[in-house]
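Breakdown of the fold
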Amino acid sequence: MAVDMLDDFSGEDRKYAIKPYTSVIRRLCRRSKDVDGAERLLLKMIEAGLPPGNVAFNFVISGLSNAGEMEEAMKMMKLMESRGLKPDVYSYSVITSGYENGGMMEEACGVLSLAKKNHSKLSPVTYHTLIRG
């Protein structure tokens, strides 16, 4: 229902619809566990000319990582970068955690290396994720 309501934004109003789109993406990822729907909505958002921010991307990246869809999560992070956004520490932590949960420690360490390269200071949560794995 909420997804259908987003179609009501048209023309000039659409450029102000970033927050409603992001809210629906969050709900799809967290409550409905419809990560594929959230990913489709994010892509629809881009197609419509709305610039999703880190928050919208991180909801989808988190949902994909929690579902073990690590290849898709990495693709989403690359899409994020291709749009001029810089993945934040949260982006890297969630992907690291997803790799660890899947028993892919080598990949998790690779993502941690990327995070260290791109951010001068990582959060304790990022390191805890590795320790826990």
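Structure's up top.
These lines cover the structure that appears in this document, whether it is placed above or below. Quick caveat, the model's predicted, so the values are computed rather than measured.

Turning next to the overall build of the chain. In terms of regular secondary structure, the chain is built from eight helices and zero strands. Taken from the N to the C terminus, the helices and strands of the chain come in the order α-α-α-α-α-α-α-α. Counting the 133 residues in the chain, one finds 41% classified as buried. In the chain, the share of contacts with a sequence separation of at least 24, taken over all contacts with a separation of at least 6, comes to 53%. Here the chain displays about 7,600 Å² of accessible surface, and carbon together with sulfur accounts for 53% of that area.

The next point concerns the nonpolar core. In terms of nonpolar packing, the biggest core is built from 35 residues, with Ile-25, Leu-42, Val-60, Ile-61 and Ile-95 touching the most fellow members. Elements represented by at least two residues in this core include exactly helix H2 (18–30), helix H3 (35–47), helix H4 (54–66), helix H5 (70–82), helix H6 (89–101) and helix H7 (105–118). Excluding its chain neighbours within four sequence positions, the residues that come into contact with Ile-61 are Ala-73, Met-76, Met-77, Met-80, Ser-91, Val-94 and Ile-95.

With that out of the way, let us pick up H3. Turn by turn, an α-helix covers 3.6 residues, leaving residues three or four places apart pointing in a common direction. With 13 residues, H3 extends 18 Å between its outermost C-alpha atoms, agreeing within 8% with the 18 Å of an ideal straight helix rising 1.5 Å per residue. Among the residues making up H3, those that are buried are Val-35, Gly-37, Ala-38, Glu-39, Leu-41, Leu-42, Met-45 and Ile-46. Directly beyond the C-terminal end of H3, a positive phi value near 90 degrees is found at Gly-49.

Let us look at the pattern of salt bridges. Within the structure shown, the criterion is met by two salt bridges. As a salt-bridge pair, Glu-72 and Lys-75 come within 3.5 Å of each other at their nearest N and O atoms. Note that Glu-72 and Lys-75 are positioned in helix H5 at a spacing of three residues, about one turn of the helix. Among the residues examined, Glu-72 registers a relative accessible area of 26% and is labelled partly exposed. When salt bridges that share partners are traced, they join Glu-71, Glu-72 and Lys-75 into one network.

Calculation rules
- Residues numbered from 1 in each chain as written.
- Predicted model: local features only at pLDDT ≥ 70, side-chain atom pairs only at ≥ 80, totals over all residues.
- Heavy atoms only, no water.
- Helix = DSSP H or I, 4+ residues; strand = E, 2+ residues; numbered from the N terminus.
- Buried < 20%, exposed > 50% of the residue type's maximum accessible area, 1.4 Å probe, protein only.
- Contact = heavy atoms within 4.5 Å.
- Areas by Shrake-Rupley, 256 points an atom, 1.4 Å probe, with all protein chains shown as cover.
- Core = buried A, V, L, I, M, F, W, Y, C linked by side-chain atoms within 4.5 Å.
- Expected span 1.5 Å × (residues − 1).
- Salt bridge = Lys/Arg side-chain N within 4 Å of Asp/Glu carboxyl O.

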